[in-house]
Amino acid sequence: MEETEKPKGILVWPIVKLASLTKKGWPGWTVLIGLIIVISIVIMTILAPYISPYDPNALNTGPIFGPPCPAHPFGTNHLGQDMFSRVLWGGSTMLQVALLSVLICFAVGVPIGLFSSYIGGNLDKVISLIMDSIYAFPGLILAIAIAVMLGRGVVNMALSIAVIYIPSYFRIVRSQVLTIKEMTYVEAARAIGAKKRTILARYILPNVIPSIVTVATINFADAVLTAAGLTFLGWGVEVDVPDWGWDLYYGRQYLPSRAWWIIFFPGLMIILLALGFTFIGEGLSEILNPRLREGE
Amino acid sequence: MTLRTYIITRVLLTIPMVLFLLTTVFVVIRVLPGDPVLLHFEKRADPQVIEEFRHKLGLDKPIWEQYIDYLAGLLRLDFGKSMQDFSPVAQQIFSAFPATLELAIFSMLVAVGVGIFLGVEAARSYNTPKDHAIRVFGIVTYAIPVFFLGIVLQMVFGIMLGWLPTGGRTYPGMEPQGAYITLPGVGTIHLATGLYTIDSILEGNPAKLIQALRYLCLPSITLGLVLSGIFVRLTRNNMLETLRMDFITAAKARGLKERVIIYGYALKNSFLPILTMMGLQFATLLSGAVLTETTFSWPGLGRYIFTRIGFRDYTAIQGAITVFAILVAAVSLVVDILYAYLDPRIRL
């Protein structure tokens, strides 16, 4: 039915497409809910300069440690800054870091995975060993090491996170290519004299993409959490950039004040963002690999 | 392949992995852009002071010589000198390590305990609201930043209710000393593990044990809950599969109680996957430990890294990360060997 309906206009199409997700049952709903969460947070962050009641860095907009009230729905922190405005603004760094790190992983991990597994031999063994070693290492600790050496900044943070997730892309691409390259259609392509490059790009890559998309959404969730973790350890971007991670870093020091609102709302936003991406990833992986669907 | 040859092969395969991990640590700290010495001084010091400093730490040698020094030092358990006070890093690391180990053990217990219990409950009530609720719990634990959960628990149980301490390892002055055993002919041996729970038992001091457990409560529940999601899912899926098998039907036909069937028969089949997962989750556990220790001022390796970052003490950071690398390789080796021992098919 969805094929016969010709949607009009570029705005209607995505909505029709998204609505059709619900026909896929529980996994479709999961993806839809995840998308709604993530898109709302992105829109909220983009609109923050226009809708936030106060400058997120303005001091003494209200009482110090003021509890939530109509003027400050999320209360105020130790500097009297408006938490609601800070929450609206605070996702920007995390979203940038996550997006950038996913792009870097994609650009590095996928080609390496394709070539390494297609060429095979000793080169493949060495690359696999390297990737497995990075994969086995506690991710956050490696990210800390790289981040403290490279210094602060969105790009450096994204780089340090990317390094720890490249192996995930490499592994999924490699395992897929190893199966696909034995298939008859690839053999046929080779038989008619297609170049290696052509085979990889036109016949193998398109079949690997769905798995990569799943890894990428999970990677988004992980990147958000790792970025928050780095910031919480004091290694985020500059302090004057409003950020949920920074709010938790400072909020922790003022726990005895019992001002739960200065940690609760930023923390909730991090959870929602990570949860949104996790939902998308969970749903997609069930839709794309129906055999793995749990309990069937 | 016999078990012995399997172990030997596996150990030999660990060597390149450890070597690569150590090289990575070295490359990250010494070769990547960003000179540890300049970063330490924040570019404000006199060049001559910087040169002396470099010389004192052996950082003025050519890079390959430093690399050899680094690896050779590790064989002697020498992790270099701290940039902060020039004391040996190894000593500081070994005194912080037991705290991390204790936290890791208790967190893993919480994670596996909660995971098995909820996983079994979900499988028993497959496709009911209870099952869905447990599955959502599994996904949510994955998305919660461990430090946020920690802060919330501190706020609720430590500050608002005042039931549990919010930080540290024990009440000042309540550090257990372990046991002094006098053996005839050998002299007195000081037996202490550095794990406060075990040391207080060795000392035979229940008051100290209770304190140690009280301080362990919030950090290990925090880290354990965050890790439990994956065990919930694993147990649930395994149980769903097992509960459909013939031997379960047979057990039911014999009129055994459901609890006996589930915990006595079915759960045994999930044991191997859970063991493997414990090994796989070890790296995640260590990452989580850094954040948990920072949140709860737990004086372990994670907090050590955190404070050393504050001091810009790069040799100490390198040392601590090296220990993590070796630990990860060792755990994966042990888990693989244990697995091969328990499941002979692996060795084929």
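Note that the coordinates shown come from a computational prediction; the quantities given were computed from them, not determined experimentally.

In this section: the overall build of chain A. On a plain count of helices and strands, chain A comes out with eleven helices and zero strands. Along chain A, helices and strands appear, N-terminal first, in the series α-α-α-α-α-α-α-α-α-α-α. Expressed as a percentage of the 296 residues in chain A, the buried residues total 45%. Taking the contacts inside chain A whose residues are at least 6 apart along the sequence as the reference set, 68% of them involve residues at least 24 apart.

A few words now on the overall build of chain B. The helix and strand inventory of chain B stands at 14 helices and two strands. Structurally, chain B occupies a C-alpha span of about 85 × 55 × 55 Å along its principal axes. Per-residue burial for chain B yields a buried fraction of 38% across its 348 residues. Once local pairs closer than 6 in sequence are excluded, the contacts in chain B between residues at least 24 apart make up 72%.

Moving on to the interface of chain B and chain A. Each partner contributes residues to the interface: chain B has 42 residues there, and chain A has 40 residues. When contributions to the side of chain B that touches chain A are tallied by element, the ones reaching two or more residues are helix H1 (3-31), helix H6 (129-143), helix H7 (146-160), helix H9 (206-242), helix H12 (282-295), helix H13 (301-311) and helix H14 (314-342) of chain B. Split into classes, the residues belonging to the side of chain B that touches chain A amount to 34 nonpolar, eight polar and no charged.

Consecutive side chains of a regular strand alternate in pointing toward one face of the sheet and then the other. Little of strand E1 (residues 179-183) of chain B is tucked away, with zero of its five residues classed as buried. Joining the antiparallel neighbours E1(B) and strand E2 (residues 187-191) of chain B is a turn of three residues, in which B:Gly185 adopts a positive phi near 90°.

Another aspect to go through is the environment of A:Ala147. All names here are of chain A. Looking at the secondary structure, you find Ala147 in helix H6 (residues 139-150). For Ala147 and Arg252, which are 105 residues apart along the polypeptide, the C-alpha to C-alpha distance reads 22 Å. Non-local contacts of Ala147, meaning those with residues more than four positions away in its chain, are made with Asn156, Met157, Ser160, Leu230 and Trp235.

Before going further, it helps to examine the environment of B:Gln66. Residues and elements named next belong to chain B. By the secondary structure assignment, Gln66 is in helix H4 (residues 63-75). Of the residues examined, Gln66 has 18 C-beta atoms within 10 Å and is grouped as partly exposed. Distance from Gln66 to Val156, taken between C-alpha atoms, is 49 Å for residues 90 residues apart in sequence. If near-sequence neighbours (up to four positions away) are discounted, Gln66 is found in contact with Arg30, Gly58, Leu59 and Lys61.

What follows is about the confidence of the model for chain A. All names here are of chain A. Across chain A, pLDDT averages 83, with 91% of residues at or above 70. Element-level pLDDT for chain A is lowest in helix H1 (residues 12-19), with a mean of 68, against a maximum mean of 90 in helix H4 (residues 92-119). Per-residue pLDDT stays below 50 along residues 1-5; that stretch engages in one contact with residues further than four places along the chain or on separate chains. Low pLDDT, under 50, characterises residues 292-296; the stretch is placed with four contacts to residues that sit more than four places away or in other chains.

Residue and element names in this part refer to chain B. One non-glycine residue, Leu77, lies in the positive phi region at around 55°. In this structure, Leu77 sits in the loop between H4 and helix H5 (89-124). On the neighbour-count criterion, Leu77 (11 C-beta atoms within 10 Å) is exposed.

Let's shift gears to the pairing of E2(B). Residues and elements named next belong to chain B. Little of E2 is tucked away: zero of the five residues are buried. Across five bridges, the pairing between E1 and E2 is antiparallel. The residue bridging Ile181 from the neighbouring strand is Ile189, located in E2.

All names here are of chain B. At a closest axis distance of 10 Å, the pairing of H9 and H12 adopts a crossing angle of 140°. Put simply, H9 runs oblique to H12. As H9 runs across H12, the sense of the crossing is right-handed. Two secondary-structure elements touch here, H9 through Pro219, Thr222, Leu223, Val226 and Leu227 and H12 through Thr284, Leu285, Gly288, Ala289 and Thr292. Each residue belonging to the contact of H9 with H12 can be placed in one class, and the counts come to six nonpolar, four polar and no charged.

Rules used throughout
- Residues numbered from 1 in each chain as written.
- Chains lettered and ligands numbered in written order.
- Predicted model: local features only at pLDDT ≥ 70, side-chain atom pairs only at ≥ 80, totals over all residues.
- Helix = DSSP H or I, 4+ residues; strand = E, 2+ residues; numbered from the N terminus.
- Buried ≥ 20, exposed ≤ 12 C-beta atoms within 10 Å, placed from the backbone.
- Contact = placed C-beta atoms within 7 Å.
- Nonpolar A, V, L, I, M, F, W, Y, C, P; charged D, E, K, R; others polar.
- Pairing = 2+ DSSP bridges.
- pLDDT = per-residue confidence, 0-100.
- Axes fitted to C-alpha atoms, helices over the stretch in contact; angles between N-to-C directions.
- Parallel < 35°, antiparallel > 145°, perpendicular 65-115°, else oblique.
- Left-handed = near helix turned anticlockwise from the far one by under 90°.

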